[in-house]
Every structure is written in C-alpha cells, then in structure tokens.
Amino acid sequence: MERGYFGIGIQNAKTEENIGTLWRSAFILGASFIYTIGKRYKKQASDTPQSWRHIPLYNYETFEEFYKAMPYDCRLIGIELDEKSVPIGEFKHPERCISLLAPEDSGLSKEAINKCHELVILPGDICLNVSVAGSIVLYDRIAKSKRS
C-alpha cells in the first residue's frame with residue numbers, strides 16, 4: 001500500500017457537471033477526497049458509479065476556510081497558467097498533497113496562487129476544461145507513482 005494521500009478540488013466551479021466529472025475521475029483514479037470552494041454540489045443522475053458513496057466531498061465557503069482546514073504537512077498544488085508554474089512533465093507529486101483547480105474563464109484567485117506551495121501547468125496554450133485538467137493531474141500522479 002502506498003504512503004500518503006491526495007485530494008483534488010475546484011475553486012468557484014461554474015457547473016455541477018464539472019464537479020461531478022471530477023468526482024468520478026477522482027474515485028476511479030484513487031483520490032482520497034475531493035472538495036469545492038465557493039460552490040456546493042448536488043448529487044447527479046450522471047454519476048453512475050455513485051462516487052459519493054466511495055470518497056468524501058468537502059464544501060468550503062471561502063478559500064480562507066479551506067486553507068485553515070488543510071491537513072497537517074500537506075502541500076497545496078495549484079494548477080494554473082502562470083509564469084511560475086512548472087510543466088507537469090517535470091513535476092514530482094508530493095506524498096501528501098491537495099491539487100487546486102479553477103474554471104478556465106477566471107483561474108485561481110490571487111490569494112490561492114500566493115498560498116500554493118507549487119504551481120503546475122498543463123500542456124497547451126489555452127485552458128482545458130477544469131474537470132479534464134483535473135483528470136490529467138490525477139492520471140499523471142498515478143502514472144509517475146508506478147514508475148518509482
């Protein structure tokens with residue numbers, strides 16, 4: 001059994017479908033939990049594996065509330081188009097981390113970017129759909145852990 005844990009979530013998600021898709025990917029790809037900041041989620045009929053029965057979803061009203069609730073010794077990794085971002089191909093996933101995504105039209109808040117321990121960028125010159133980006137990050141973690 002691997003040590004550590006990882007979670008993934010969305011700040012200010014625009015649609016419930018994105019949260020539902022990310023939840024399903026998180027369940028399938030082994031995340032420990034998912035979360036939302038600034039957006040609540042309702043169970044969807046399209047969630048055929050009933051992900052809510054397998055991994056928890058935490059909802060936070062604000063980034064500050066989320067940040068205060070982060071587990072001890074856990075790294076916050078922002079997925080963002082930013083000059084300080086490391087390409088995902090070069091990124092080494094921490095043993096304990098939480099990945100943070102945001103909708104493609106707004107990106108992460110300045111507060112979130114400043115609090116992230118690291119920033120990661122995905123390939124491409126324009127933003128991916130947030131649930132697609134999250135699925136890529138989850139898959140990258142698994143693929144790299146199998147190699148080490």
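Since we're looking at a predicted model, the values are computed, not measured.

This next bit is on the overall build of the protein chain. Scanning the protein chain from terminus to terminus reveals 4 helices and 7 strands. Listing the helices and strands of the protein chain from first to last along the sequence gives β-α-β-β-α-β-β-β-α-β-α. Per-residue burial over the protein chain gives 45% buried out of 148 residues. Within the protein chain, contacts between residues separated by at least 24 positions form 72% of all contacts whose residues are at least 6 apart in sequence. For the protein chain, the exposed area adds up to about 8,400 Å²; of that, 52% sits on carbon and sulfur atoms.

This part covers the environment of E95. Checked against the element boundaries, E95 lands in the loop between β5 (86–87) and β6 (96–101). The spacing of E95 and Y5 is 90 residues in sequence and 6.6 Å in space, taken between C-alpha atoms. Filtering out sequence-adjacent residues up to four positions away, E95 remains in contact with R3, G4, Y5 and R141. Only 2.6 Å separates the side chain of E95 from the side chain of R96, close enough to count as a polar contact.

As a further point, take the pattern of salt bridges. This model, assessed by the stated rule, comprises 5 salt bridges. In this structure, D73 and R96 form a salt bridge, with 2.5 Å as the shortest nitrogen-oxygen distance. In this pair, D73 sits in the loop between α2 (63–69) and β4 (75–79) while R96 sits in strand β6, placing the two residues 23 residues apart along the sequence. A residue is classified by how much of its surface remains accessible, and R96, at 24% relative accessible area, is partly exposed.

This next bit is on the nonpolar core. In terms of nonpolar packing, the biggest core is built from 24 residues, with I8, A26, I34, I79, L101 and L138 touching the most fellow members. Counting only elements with at least two residues in this core, the list comes to β1 (5–11), α1 (16–28), β4, β6 and α4 (130–147). Once you skip the residues sitting within four places of it in the chain, L101 turns out to touch I8, G9, I10, Q11, L22, I79, L108, V130, A133 and G134. Counting 17 residues, the second largest nonpolar core, distinct from the first, contains Y35, C74, I98 and A112.

What follows concerns a nonpolar patch on the surface. On the surface, a nonpolar cluster with roughly 200 Å² of combined accessible area is contributed by L128, V132 and I136. Looking at where L128 falls in the secondary structure, it is placed in the loop between β7 (118–121) and α4. A residue is classified by how much of its surface remains accessible, and L128, at 34% relative accessible area, is partly exposed.

Take unusual backbone geometry next. Even without a glycine there, the phi angle at N12 is positive, about 55°. Judged by relative accessible area, which is 41%, N12 ranks as partly exposed. Of note, the phi angle at D73 is positive, near 55°, even though the residue is not glycine. Given the relative accessible area of 46%, D73 is considered partly exposed.

Aromatic ring pairs are reported here in terms of the distance separating the ring centres and the angle at which the planes meet. As enumerated under the stated definition, the model contains 5 aromatic pairs in all. Taken together, a centroid distance of 5.8 Å and an interplanar angle of 70° make the contact between F33 and Y58 edge-to-face. Taken together, the positions of F33 in strand β2 (residues 33–37) and Y58 in strand β3 (residues 57–60) put the pair 25 residues apart, joining distant regions of the chain. Members of the aromatic cluster, connected to one another through ring pairs, are Y35, Y60, F63, F66 and Y67.

Here is what the cut-offs are and how they apply
- Residues numbered from 1 in each chain as written.
- Predicted model: local features only at pLDDT ≥ 70, side-chain atom pairs only at ≥ 80, totals over all residues.
- Heavy atoms only, no water.
- Helix = DSSP H or I, 4+ residues; strand = E, 2+ residues; numbered from the N terminus.
- Buried < 20%, exposed > 50% of the residue type's maximum accessible area, 1.4 Å probe, protein only.
- Contact = heavy atoms within 4.5 Å.
- Areas by Shrake-Rupley, 256 points an atom, 1.4 Å probe, with all protein chains shown as cover.
- Polar contact = N/O pair within 3.5 Å; in protein donor to acceptor, adjacent residues only side chain to side chain.
- Salt bridge = Lys/Arg side-chain N within 4 Å of Asp/Glu carboxyl O.
- Core = buried A, V, L, I, M, F, W, Y, C linked by side-chain atoms within 4.5 Å.
- Patch = residues over 30% accessible without salt bridge, like charges linked within 9 Å, V, L, I, M, F, W, Y side chains within 5 Å.
- Phe/Tyr/Trp six-rings, centres within 6.5 Å; stacked < 30°, edge-to-face > 60°.

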